[in-house]
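Close look at the chain arrangement
Listed here are the chains, written in short residue letters.
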Amino acid sequence: MCTTCGCGTDEVKLEGGNAGHGHGHEHVHADGTRHSHEHEHSHAAEEGHGHSHAPGLSATRRVQIEQDILSRNNAYAHENRQLLAGQGIFALNLVSGPGSGKTTLLCKTITMLAGLPVAVIEGDQQTSMDAERIRATGAPAVQINTGKGCHLDAHMVGHAMSRLALKDDSLLMIENVGNLVCPAAFDLGEAHKVVILSVTEGEDKPIKYPDMFRAASLMLLNKIDLLPHLDFDVEAALAYARRVNPQIRVIQLSATRGEGMDEWLQFLRDGLASAAAAKQETVDSLRQRIAQLEVQLASTPAQG
């Protein structure tokens, strides 16, 4: 997998800076208090991430490197998830092969959500074209260029989140690099991975790339308006997806024509409501605990 294949994450560039440098995260707790702290992290410095195929590197060592990289990523993902939960933000990691229609779907979604707060993190190897398309809808977006890298990781996303000044009770959409392999292994702190399969790709993708479809909570079958012009077996595609992930939810839609978009938008609204409710539950629990402590303190005799 790409954690040991030598893809060049040392070439990562974030709009307005470089994602390989130290950065600060500000945490907003449920009681409203804030604190920030700095991280230093260099992708190029991770042993094996850029040179794991060096002569003499054993299979055991490659496994250890892979585990170390994923462990570090998961620590950053946990931090991202805490920050998102503290602000009641519903975050999705959109994954697919190239040309599935992710950016078109995002633009249509933002327009149809009609004023709900949405921010986008765009991942591509090169160019800021997709981020510019998103910003044209009025939504804030940050572009991450991964260079030779084939996926986003939680550290890159943490950088981008700090640039976006995310609003409480909002939606964060992370458009990953077009790749059905490597992004499956990297948790970014999202609530769900959403895999997009277009009918122009072939119905066998779920069994050719099972890790991605197994990692996803939702599959969007996109471009269904093209079905009359294609030899695509919808039932086979759904059966293959459920073979590798029996719990996967499927929404069939067309981002260009609008079919199925209402169900997708309802999924987003339900997620937003759940994230906001979870944040409020935490706030209420903390307030209750504070009240209990105040009562205990008031009933404790003063020591003289």
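What you see is a predicted model; the values in this text were computed from it and never measured. (Residues numbered from 1 in each chain as written. Predicted model: local features only at pLDDT ≥ 70, side-chain atom pairs only at ≥ 80, totals over all residues. Heavy atoms only, no water.)

This brings us to the nonpolar core. If you look at the biggest cluster of nonpolar residues, it comprises 30 residues, and the most contacted ones within it are Leu92, Met173, Leu220, Trp264 and Leu268. Breaking this core down by element, the ones donating at least two residues are β4 (90-96), α2 (102-113), β5 (118-124), α3 (129-135), β7 (171-175), β8 (192-198), β9 (218-222) and α8 (261-299). Examining the composition of this core, we find that seven residues originate from one element, α8, more than from any other. With near-sequence residues (within four places) excluded, Trp264 lies in contact with Leu92, Leu94, Leu105, Thr109, Met173, Val194, Leu218, Leu220, Ile251 and Leu253. (Core = buried A, V, L, I, M, F, W, Y, C linked by side-chain atoms within 4.5 Å. Buried < 20%, exposed > 50% of the residue type's maximum accessible area, 1.4 Å probe, protein only. Helix = DSSP H or I, 4+ residues; strand = E, 2+ residues; numbered from the N terminus. Contact = heavy atoms within 4.5 Å.)

This part takes up the packing of aromatic side chains. Summed over the entire model, instances satisfying the criterion amount to two aromatic pairs. Members of the aromatic cluster, connected to one another through ring pairs, are Phe90, Trp264 and Phe267. (Phe/Tyr/Trp six-rings, centres within 6.5 Å; stacked < 30°, edge-to-face > 60°.)

To continue, consider the sheet that holds strand β1 (residues 13-14). Pairing in this open sheet of eight strands is mixed, and the strands run β1-β6-β5-β7-β4-β8-β9-β10 from one edge to the other. Of all the strands in the sheet, the pair left with one neighbour each is β1 and β10 (249-252). In the sheet, β8 pairs with β9 via five bridges, with the strands oriented parallel. The residue bridging Val194 from the neighbouring strand is Leu218, located in β9. (Pairing = 2+ DSSP bridges.)

What follows deals with helix α4 (residues 154-164). α4 sits mainly inside the fold: nine of its eleven residues count as buried. Buried within α4 we find Ala154, His155, Met156, Val157, Gly158, His159, Ala160, Met161 and Leu164. Its side-chain oxygen placed 3.1 Å from the backbone nitrogen of His155, Asp153 serves as the N-cap of α4. Two residues or fewer after α4 comes Ala165, characterised by a positive phi angle close to 50 degrees. (Polar contact = N/O pair within 3.5 Å; in protein donor to acceptor, adjacent residues only side chain to side chain.)

Residue position: Glu175 is located in strand β7. In sequence terms Glu175 and Leu152 are 23 residues apart; their C-alpha atoms lie 9.0 Å from each other. With near-sequence residues (within four places) excluded, Glu175 lies in contact with Leu94, Lys102, Thr103, Leu106, Ile121, Glu122, Gly123, Asp130 and Leu152.

Taken residue by residue, the protein chain gives an average pLDDT of 84. The fraction at 70 or more is 80%. Under a pLDDT of 50 for its full length, residues 20-54 has, in the predicted model, 81 contacts with residues more than four places off or in other chains. (pLDDT = per-residue confidence, 0-100.)

Counted at 1.5 Å a residue, the expected span for α2 with its twelve residues is 16 Å, and the 16 Å between its end C-alpha atoms agrees. Three or more residues of α2 are buried, namely Lys102, Thr103, Leu105, Leu106, Cys107, Thr109, Ile110 and Leu113. In the stretch just after α2, Ala114 is the one whose phi turns positive, near 50 degrees. (Expected span 1.5 Å × (residues − 1).)

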